[in-house]
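Chain residues, written in single-letter form:
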Amino acid sequence: MNSLVPTTTHPDAADPLAAFRQEFHLPPGPDGQPCAYFCGNSLGLMPKAARAAVEQEFESWERLGVEGHFQAPSFWMHFHDTLTEATARLVGALPLEVVVMNNLTVNLHLLLVSFYRPTGSRYKILMEGGAFPSDQYAIESQARLHGLDPAEAIVELVPRPGEHTLRTEDIEAKIAELGDSLATVLIGGVNYYTGQAFDMAAIARAGHAVGAYVGFDLAHAAGNLELHLHDWDVDFACWCTYKYLNSGPGGTSGVFVHERFANRPDLVRLAGWWGHDASVRFQMKKGFRPMAGAAGWQLSNAQIFPMAIHRASLEIVDRAGGMAALRRKSEQLTARLESLIHGLGLPADKLEIITPADPTQRGCQLSVLVHERGRELFDFLAAQGIIADWREPNVIRLAPVPLYNSFEDVERVGAALTQWVNERMGE
Ligand SMILES: *Cc1c(COP(=O)(O)O)cnc(C)c1O
């Protein structure tokens, strides 16, 4: 690969995480060389360890059959428990507060069943306008489940005219204005489209001040930001593991429920045998008795294959030094990408970054609004082996992720953009 700056001064040489790139499969670009992959916000790359992790479970199944539930190395009966400590570290939670299960939208529903309990006067749910469609549909259908008209129950936050992202003070003001009519706040920790990261502690505080539950969809935040869900006093959260957590397409999902609900068997929930008190689960008796903590929201026995991949992925995050170490590099990668885009010198009516410039208000992703010929630019990047992500109507999302993206990847984008501007913009 051709280096764009001399190796001696190359930031990749000084990057303590540089070696982790070797632990992932980088798909080849059109020239057969590894692509520059900026799509970890959509599907994280495959860790080389994933294949062996799954192979081990095949091996147990092949050799042990049902006994794999109780025998080494698999112990499927307790498999999900082996994810708990690493998951708690990942999101800043107590082990009691997290569980890995199901898929993201399923978990959103399970949590809303417990934490969106509209009454005659307190029935509204606050979300971001233009949230990820699955979240919109989930919330709409939850309103209908309670016999409510979604148009009346759902309140959407929208940016001020001429702005692309939300201001914390406006979110707080809207929560205060809704007051006792507000049952629940459910916002993405990082907005999938703009890349804006929200001040979750401030939103939790504002929601609690009016007596509402506050939850976050962390699909774009888990594995991207340092999270402190317990200290931020968030009530509930869930996330997928196939984006920044590299746990495979359709992979499993994580759930957080704050400690204060750990021993609340009275909370309405949809129940299944895996959420039942584990000490008596196999007595197969009538009468659901939830386990303490987030584990009490489980329904089904564990999905061993996706969880095996997830365990291997979480192990990589821990070995890299956890989210604090990843975030340090992430901020540098994104700042460099931002400065290369600004260096193009294009006016905002041609190309603008809609992600906040303040690093505390974003994760790794930059969303670039291309006012003209955006799709053409996206295809131009792809032809150069730069895998970005296209969102209608005209946004290119670029997510440099610290585990496998290099500074050289970012320079490749800068060079390609410069070439596009020089060759195409004048036409
Ligand atoms: C990726 C994503 C989803 C996807 O939901 P699945 O149930 O995993 O298919 C949902 N919500 C948000 C905000 C996302 O970013």
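Residues numbered from 1 in each chain as written. Predicted model: local features only at pLDDT ≥ 70, side-chain atom pairs only at ≥ 80, totals over all residues. Heavy atoms only, no water.

## Some words on the overall build of the protein chain
Then, number 1: On a plain count of helices and strands, the protein chain comes out with 11 helices and 15 strands.
Then, number 2: For the protein chain, the C-alpha radius of gyration of 23 Å lies close to 22 Å, the compact-globule estimate for 427 residues.
Then, number 3: Oriented by its inertia axes, the alpha-carbon framework of the protein chain measures out at about 70 × 60 × 30 Å.
Then, number 4: Residue burial in the protein chain is summarised as follows: out of 427 residues, 55% are buried.
Then, number 5: About 18000 Å² of surface is accessible on the protein chain, with carbon and sulfur atoms providing 55% of the total.
Then, number 6: Charged side chains in the protein chain number 35 positive and 50 negative. The centres of these two groups are separated by 4 Å. (Helix = DSSP H or I, 4+ residues; strand = E, 2+ residues; numbered from the N terminus. Rg over C-alpha atoms; globule rule 2.2 N^0.38 Å. Buried < 20%, exposed > 50% of the residue type's maximum accessible area, 1.4 Å probe, protein only. Areas by Shrake-Rupley, 256 points an atom, 1.4 Å probe, with all protein chains shown as cover. Lys, Arg positive; Asp, Glu negative; His and termini not counted. Charge placed at Lys NZ, Arg CZ, Asp CG, Glu CD.)

## Some remarks on the site of the ligand
Then, number 1: For the ligand, the full set of nearby residues is Leu104, Thr105, Phe132, Asp135, Asp217, Ala219, His220, Tyr242 and Lys243.
Then, number 2: Thr105 has a polar side-chain atom sitting 2.5 Å from an oxygen atom of the ligand.
Then, number 3: Here an oxygen atom of the ligand and a side-chain polar atom of Tyr242 are 2.5 Å apart.
Then, number 4: Within the complex, the protein chains bury 82% of what would otherwise be the 390 Å² of accessible surface of the ligand.
Then, number 5: Its residues assigned to classes, the shell around the ligand comprises four nonpolar, two polar and three charged. (Near = heavy atom within 4 Å. Polar contact = N/O pair within 3.5 Å; in protein donor to acceptor, adjacent residues only side chain to side chain. Nonpolar A, V, L, I, M, F, W, Y, C, P; charged D, E, K, R; others polar.)

## Some details on the UniProt feature "binding site: pyridoxal 5'-phosphate" (unreviewed entry) in the protein chain
Then, number 1: In the numbering used here, UniProt assigns the "binding site: pyridoxal 5'-phosphate" (unreviewed entry) feature to Leu104, Thr105, Phe132, Pro133, Ser134, Asp135, Asp217, His220, Tyr242, Trp273 and Asn301. The greatest C-alpha distance among the annotated residues, which extend across 198 residues, is 30.9 Å, indicating that they are dispersed rather than converging on a single site.
Then, number 2: Secondary-structure assignment places Asp217 in strand E8 (residues 213–217).
Then, number 3: Beyond its immediate stretch of four places on either side in the chain, Asp217 contacts Leu104, Leu108, Asp135, Leu186, Ile187, Gly188, Gly189 and Cys238.
Then, number 4: Relative to the helices and strands, Tyr242 is located in the loop between strand E9 (236–240) and strand E10 (253–257).
Then, number 5: We classify Tyr242 as partly exposed; its relative accessible area is 21%.
Then, number 6: Once residues lying within four places of it in the same chain are set aside, the contact partners of Tyr242 are Ser42, Leu43, Gly44, Ser247, Gly248, Pro249, Gly250 and Gly251. (UniProt positions renumbered as here; feature names shortened; annotations may be inferred. Contact = heavy atoms within 4.5 Å.)

## Details of the packing of helix H6 (residues 168–178) against helix H7 (residues 200–209)
Then, number 1: One can describe the packing of H6 onto H7 by two numbers: an axis separation of 9 Å at closest approach and a directional angle of 15°. With respect to H7, the element H6 is oriented roughly parallel. Judged by the twist between their axes, the crossing of H6 over H7 is right-handed. Across the interface between the two elements, Thr168, Ile171, Glu172 and Ile175 of H6 pack against Ala202, Ile203, Ala206 and Gly207 of H7.
Then, number 2: Classifying every residue of the contact of H6 with H7 by side-chain character gives five nonpolar, two polar and one charged. (Axes fitted to C-alpha atoms, helices over the stretch in contact; angles between N-to-C directions. Parallel < 35°, antiparallel > 145°, perpendicular 65-115°, else oblique. Left-handed = near helix turned anticlockwise from the far one by under 90°.)

## Here's the deal with helix H2 (residues 84–91)
Then, number 1: Extensive coverage of H2 is indicated by the burial of six of its eight residues.
Then, number 2: Among all positions in H2, only Thr84, Ala86, Thr87, Ala88, Leu90 and Val91 are buried.
Then, number 3: Looking at the buried positions of H2, the neighbouring elements they touch are strand E4 (98–100), E9, helix H8 (304–319) and helix H9 (322–342).
Then, number 4: Just downstream of H2 lies Gly92, where phi reads positive at about 70°.

## So, the pairing of strand E15 (residues 395–398)
Then, number 1: A two-sided burial pattern is seen for E15, the buried positions comprising Val395 and Arg397 on one face and Ile396 and Leu398 on the other.
Then, number 2: Across four bridges, the pairing between strand E12 (residues 366–370) and E15 is antiparallel. Each bridged residue has a counterpart across the sheet, and for Val368 the counterpart in E15 is Ile396.
Then, number 3: Sheet topology note: the strand E14 (residues 389–391)/E15 ladder contains three bridges and is antiparallel. Paired with Trp390 across the strands is Ile396, a residue of E15.
Then, number 4: In sequence, E14 turns back onto E15 through a hairpin of three residues. (Pairing = 2+ DSSP bridges.)

## Here's the deal with the pairing of strand E5 (residues 124–128)
Then, number 1: Within E5, five of the five residues are buried, which leaves it mostly tucked inside the rest of the structure.
Then, number 2: Of the two faces of E5, the one holding Lys124, Leu126 and Glu128 and the one holding Ile125 and Met127 are both buried throughout.
Then, number 3: Relative to strand E7 (residues 182–188), E5 is paired through three bridges, and the arrangement is parallel. Bridge pairing links Ile125 to Thr184 in E7.

## Notes on the packing of aromatic side chains
Then, number 1: The final tally for this structure, using the stated rule, is 16 aromatic pairs.
Then, number 2: Among the aromatic residues, those joined into a cluster by ring pairs are Phe115, Tyr213, Phe236, Phe261 and Trp297.
Then, number 3: For Lys243, the ring lying beneath its charged end belongs to Phe132, and the centroid distance is 5.0 Å.
Then, number 4: Of note, Arg269 hangs over the ring of Trp297, and the distance from its end group to the ring centre comes to 3.9 Å. (Phe/Tyr/Trp six-rings, centres within 6.5 Å; stacked < 30°, edge-to-face > 60°. Lys NZ or Arg CZ within 6 Å of the ring centre and 35° of its normal.)

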